[in-house]
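Residue-level listing of the chains:
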Amino acid sequence: MADGDYSEFSIAHDRLYTLEHLWLQVLDEDKDEGTTSIKIGLSEFLMAEYGEVVQAVLARPRDDGEYEIEGDSGLSEDDETDTAQTFSSGGDQVGIDDLVITITTKFDGEFDRILFNAPFPCKISELNGHVEDNPDLLNEEAYGDGWCIIVKTQSDYFDEDQFLNKDEYIEMLNELP
């Protein structure tokens, strides 16, 4: 955004945030298994900063356990995305270097592609294919139906202190140029 430009966006108070503007919501902690289930989505700041999300692509497992990203590498205004639905992927392991979410944004007629890696080692439990079918969910309901993935991680890998609470996230946003 240019100096003097202002944009309104919300910040959910019951979430943690990454420096990459992902939000994390702890759903369940299983002390017997030593695992934590976490829902992951995109902060509304991304849409305020980079424009409207026009395409979202979530990692899809292949038969050999690797991940591939489906989707066209370029978009025009007339392009449409394939329909998808929420499904369980069976718990495929990803590391912090693995790509899990790709979005394409449009701001002032310019398209930009943004890639997100997993914020911690985890197993994907569920993908929200509805955001691929309808990227407006990310624009309009980022903290509701616009979630992207649900993961399960070993509780040892997930330390809430390594992420930002709402106050720390707001402070970080205020320090951005």
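Residues numbered from 1 in each chain as written. Predicted model: local features only at pLDDT ≥ 70, side-chain atom pairs only at ≥ 80, totals over all residues. Heavy atoms only, no water.

Asker: Now, about the overall build of the chain: what can you tell me, with residues and values included?
Answerer: Looking only at helices and strands, one finds four helices and eleven strands in the chain. When the 177 residues of the chain are sorted by exposure, 42% land in the buried category. Taking the contacts inside the chain whose residues are at least 6 apart along the sequence as the reference set, 69% of them involve residues at least 24 apart. Carbon and sulfur atoms make up 40% of the accessible area of the chain, which totals about 10000 Å². (Helix = DSSP H or I, 4+ residues; strand = E, 2+ residues; numbered from the N terminus. Buried < 20%, exposed > 50% of the residue type's maximum accessible area, 1.4 Å probe, protein only. Contact = heavy atoms within 4.5 Å. Areas by Shrake-Rupley, 256 points an atom, 1.4 Å probe, with all protein chains shown as cover.)

Asker: Give a detailed account of the pattern of salt bridges, specifying residues and quantitative values.
Answerer: All chains considered together, the criterion is met by four salt bridges. Asp-167 is the salt-bridge partner of Lys-166, the closest N and O atoms lying 2.8 Å from each other. (Salt bridge = Lys/Arg side-chain N within 4 Å of Asp/Glu carboxyl O.)

Asker: Account for the pairing of strand β4 (residues 52-58), naming residues and giving values.
Answerer: Of all the seven residues making up β4, five are buried; the element is thus mostly covered by neighbouring parts of the structure. Here β4 pairs with strand β8 (residues 99-107) via six bridges, running antiparallel. In the strand pairing of β8, Ala-56 is matched with Ile-103. (Pairing = 2+ DSSP bridges.)

Asker: Could you give an account of the packing of aromatic side chains, with specific residues and numbers?
Answerer: Applying the stated criterion to the full structure yields six aromatic pairs. Their ring planes at 45° and their centres at 6.2 Å tell us that Trp-23 and Tyr-143 sit as a pair that is tilted. Here Tyr-143 lies in the loop between α3 (136-140) and β11 (149-154) and Trp-23 lies in strand β2 (residues 22-30), a separation of 120 residues in the sequence. A residue is classified by how much of its surface remains accessible, and Trp-23, at 0% relative accessible area, is buried. When the centroid spacing of 5.5 Å and the interplanar angle of 25° are considered together, the rings of Phe-158 and Phe-163 count as stacked. Across the pair, Phe-163 and Phe-158 agree in class, each one buried. Among the aromatic residues, those joined into a cluster by ring pairs are Phe-120, Phe-158 and Phe-163. Above the face of the Trp-23 ring, Arg-15 is positioned so that its terminal group lies 4.3 Å from the ring centre. (Phe/Tyr/Trp six-rings, centres within 6.5 Å; stacked < 30°, edge-to-face > 60°. Lys NZ or Arg CZ within 6 Å of the ring centre and 35° of its normal.)

Asker: Lay out the nonpolar core in plain terms, naming residues and giving numbers.
Answerer: Core analysis: the biggest nonpolar cluster contains 31 residues, and Ile-103 and Phe-120 have the highest contact counts within it. When near neighbours in sequence (up to four residues on either side) are disregarded, Ile-103 contacts Leu-42, Val-53, Gln-55, Ala-56, Asp-112, Arg-113, Ile-114, Phe-116 and Leu-138. Counting twelve residues, the second-largest nonpolar core is a separate cluster that includes Tyr-143, Trp-147, Leu-164 and Leu-173. (Core = buried A, V, L, I, M, F, W, Y, C linked by side-chain atoms within 4.5 Å.)

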